[in-house]
Amino acid sequence: MAAVLFLTLLALLGPAAAKRLAASGAFLTYGGQKTFLNGANIPWNNIGDDFGNGAYDGTLETWVKNISSAGGNSIRVFVHSEGFFSPLFADGYVVACDLTGQLENDVLQLLNVSAQHNVLVNLVLWNGASSVNKKDLIDLINDDMKLDFYIDLCLKSLVNTTKGHPALASYEVMNEPEGFVKVASSSNPCYDTTVIGEAGAGWTGEDIPMEKLLRFIGRQNQAIRSIDSETLITIGSFGQFAQNDVYLNSHNHYTDECLNGAAGGTNAHLDFYQMHAFDWLGSWSPHAPFNVSATDYNLHKPIVIGAFSGTCGAGSLLRDLYEYAYIEDYSGGFSWHYKSGTGECVDSREVVTVSLGHLATRIDHGIVAITVE
């Protein structure tokens, strides 16, 4: 009788809640322990065409397994990118995530495989760094009604599919939105981009006002939280310039105030900051992440270095850049990128593999070896 009562109690209680990556002060935690995301970017195999439309072929799963075997515990992957293959547009409006209705389950499949190999996943929806962009994406940023269609007919479906998944680390609405921004002054400091313009923002020539970009990002952040309040949200900036107010060559456009103000309401904020770091002519920019400690930015939230490489690392080995991020209290680092041989500032897959192993067993500044469950 006692055994029956015990089993009945377990059934009523239901399964144990999955562990989730969480933000605690200036650090990330997993299962309540301070955690370092020892990761790699696998932004794409076929850019913008890895999920949905019958294109998912398991390549990303193979890379996840290899990264895990090397000692990595996390990846950063793009979903729509520039919007050429997904979501599905008709007359400028989103009607579904993709033509075949597979995108959401393809992303779920990657999460499932990642969980099996103890790897956490940062999902990046859009890419603002490219100079070749589909007009439909630009219209989503500029037109609230068109963004409503995307949120209602794709984003909410995707978030409902991934909700509560233990391998889901975070959502990131856009990679390097500063590429799209219009450099212009404003009476509102959130929208005044003259400072980051001096650092190179606006390189794609799309000339979208910062207010519209922040609204685009913030409204999607709100939609994600309305379904999955526990998933973390970040944004990957082109450098430290757009994510801190400590240094004169920088201005933080992603404060809670800026995002909530642009989106209207609450819950548009970031849970952790994410800065990218590549050298310029062989040197780091002043106050780049690899020149300072995470605490120097005075942000009071975790900071992840979301893209960096040894080939553009001011003479440092990739292994040593991981080490620096780890001991200087950053909450993670994602090397750029695992599909080697494409683009600038890309390390070979062999170098990434060896470098991921450097921190694999460390615990002194946060655990690296995690069990996703």
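Quick notes on the rules
- Numbering of residues starts from 1 in every chain and runs along the sequence as written.
- Under the rules for a predicted model, residues below a pLDDT of 70 receive no local features and side-chain atom pairs below 80 are neither given nor counted, while totals for whole chains, interfaces and linings still include all residues.
- Note that water and hydrogens are dropped before the side-chain values are worked out from all heavy atoms of the structure.
- Partly exposed describes any residue whose relative accessible area lies between the buried limit of under 20% and the exposed limit of over 50%, with all areas from a 1.4 Å probe on protein chains only and scaled to the type maximum.
- Working definition: helices are DSSP H or I runs of at least four residues, strands are E runs of at least two. Numbering for both runs from the N terminus.
- Two strands qualify as a pair provided that DSSP identifies no fewer than 2 bridges between them.
- Note on geometry: axes are lines fitted to C-alpha atoms, helical ones only across the stretch in contact, with angles between N-to-C directions running from 0 to 180 degrees.
- Joining through side-chain atoms within 4.5 Å is the link that ties buried Ala, Val, Leu, Ile, Met, Phe, Trp, Tyr and Cys residues into a set, and such a set is a nonpolar core.
- Whether two residues are in contact is decided by their heavy atoms, any of which lying within 4.5 Å being enough.
- Throughout, disulfides are identified as pairs of cysteine sulfur atoms within 2.5 Å of each other.
- Within the patch definition used here, like charges are joined within 9 Å and nonpolar side chains (Val, Leu, Ile, Met, Phe, Trp, Tyr) within 5 Å, considering only residues with over 30% relative accessible area and no salt bridge.
- Accessible areas in this description were obtained via Shrake-Rupley with a 1.4 Å probe; residue shielding takes into account the shown protein chains only.
- Any carboxyl oxygen of Asp or Glu that lies within 4 Å of a side-chain nitrogen of Lys or Arg is treated as forming a salt bridge with it.
- N or O atoms within 3.5 Å of each other form a polar contact, as long as, within protein, one can give a hydrogen and the other can take it, and as long as residues adjacent in sequence are counted only when both atoms are side-chain atoms.
- The scheme is simple: roughly parallel for angles under 35 degrees, roughly antiparallel for over 145, roughly perpendicular for 65 to 115, oblique for anything else.
- Gly is put with the polar residues, along with every residue not named as nonpolar or charged; the nonpolar set is Ala, Val, Leu, Ile, Met, Phe, Trp, Tyr, Cys and Pro, and the charged set is Asp, Glu, Lys and Arg.

1. Quick look at unusual backbone geometry
The residue after Ser-86, namely Pro-87, is reached through a cis peptide bond having omega -5°. Even without being a glycine, Asp-91 presents a positive backbone phi close to 55°. In this structure Asp-91 comes out as exposed when scored by relative accessible area, which is 79%. Phi angles above zero are rare outside glycine, and Asn-267 is one such case at about 70°. Mapping Asn-267 onto the fold places it in the loop between helix 8 (256-263) and strand 11 (273-276).

2. Here's the deal with the pairing of strand 9 (residues 168-175)
Most of strand 9 is tucked away: eight of the eight residues are buried. Relative to strand 9, strand 8 (residues 120-127) is paired through six bridges, and the arrangement is parallel. Directly across from Leu-123, in strand 9, lies its bridge partner Tyr-171. Here strand 9 runs beside strand 10 (residues 232-237); their pairing, made up of four bridges, is parallel. Directly across from Tyr-171, in strand 10, lies its bridge partner Ile-233.

3. Quick notes on the sheet that holds strand 2 (residues 27-30)
With respect to topology, three strands assemble into an open sheet ordered 1-2-3, the strand pairing being antiparallel. Both edges of this open sheet fall to strand 1 (21-24) and strand 3 (33-35), since each of them pairs with a single strand only. Sheet twist, expressed as the mean angle between neighbouring strand axes with direction ignored, is 50°. Two strands pair when backbone bridges link them, and strand 1 and strand 2 are joined in this way by four bridges, in the antiparallel orientation. Note on strand 2: the bridge partner recorded for Ala-22 is Thr-29.

4. Comments concerning the nonpolar core
With 107 residues, the main nonpolar core has Tyr-150, Phe-216 and Tyr-254 as its most contacted residues. Residue contributions to this core peak at eight residues, all from helix 7 (residues 210-227). Not counting chain neighbours up to four residues away, the residues in contact with Tyr-254 comprise Pro-177, Glu-178, Met-210, Leu-214, Ile-217, Ile-235, Ser-237, Ala-242, Gln-243, Leu-259, Leu-270 and Tyr-273. Among the nonpolar cores identified, the runner-up in size contains six residues, and Trp-44, Val-124, Trp-336 and Val-346 belong to it.

5. Remarks on the state of the cysteines
By the definition in use, this model includes three disulfides. The partner cysteine of Cys-190 in its disulfide is Cys-258, sulfur to sulfur 2.1 Å. With the S-S dihedral at roughly -85°, the linkage between Cys-190 and Cys-258 falls on the left-handed side. In this pair, Cys-190 sits in the loop between strand 9 and helix 6 (194-198) while Cys-258 sits in helix 8, placing the two residues 68 residues apart along the sequence.

6. Points about a nonpolar patch on the surface
On the surface, Phe-84, Phe-85 and Val-132 cluster together to form a nonpolar patch covering roughly 300 Å² of accessible area. Looking at the secondary structure, you find Phe-84 in the loop between strand 5 (74-81) and strand 6 (88-90).

7. As for the pairing of strand 13 (residues 332-335)
Neither face of strand 13 is left uncovered, since the one carrying Gly-332 and Phe-334 and the one carrying Gly-333 and Ser-335 both have all their residues buried. Across four bridges, strand 4 (residues 37-41) lies against strand 13 in parallel orientation. Across the sheet, Asn-38 pairs through a bridge with Gly-333, a residue of strand 13. Where strand 12 (residues 303-308) and strand 13 come together, three bridges link them in parallel fashion.

8. Considering the sheet that holds strand 5
The sheet built from eight strands closes into a barrel, its strands ordered 4-5-8-9-10-11-12-13 with parallel pairing. Taken pair by pair, the neighbouring strands of this sheet meet at an average axis angle of 25°, ignoring direction. Examined bridge by bridge, strand 5 and strand 8 share six bridges and lie parallel to one another. Counterpart to Ser-81 in the pairing with strand 8 is Trp-126. Strands in contact with helix 3 (residues 103-116) are strand 5, strand 8 and strand 9; relative to strand 5, the strand with the most contacts, it is inclined by about 175°.

9. Details of the side chain of His-253
With respect to the secondary-structure elements, His-253 resides in the loop between strand 10 and helix 8. Under the relative-accessibility criterion, His-253 is labelled buried at 0%. Reaching out from His-253, the side chain makes a polar contact with the backbone oxygen of Cys-190 at a distance of 2.7 Å. The contact partners of His-253, leaving out residues within four places of it in the chain, are Pro-189, Cys-190, Tyr-191, Asp-192, Thr-193, Ile-196, Met-210, Leu-214, Ala-242 and Cys-258.

10. Comments concerning the side chain of Gln-240
You can see Gln-240 is positioned in the loop between strand 10 and helix 8. On the accessibility criterion, Gln-240 (1% relative accessible area) is buried. Gln-240 has contacts with Ser-250, Met-275, His-276, Ser-285, Pro-286, His-287, Ala-288, Pro-289 and Tyr-297, leaving out every residue within four places of it along the chain.

11. A closer look at the packing of helix 4 (residues 135-142) against helix 5 (residues 144-162)
In the contact formed by helix 4 and helix 5, the axes pass within 6 Å of each other and the chain directions differ by 105°. Regarding the angle of helix 4 to helix 5, the classification is roughly perpendicular. Of helix 5, the residues touching helix 4 (which contributes Asp-139, Leu-140 and Asn-142) are Asp-144, Lys-146, Leu-147 and Tyr-150. Split into classes, the residues belonging to the contact of helix 4 with helix 5 amount to three nonpolar, one polar and three charged.

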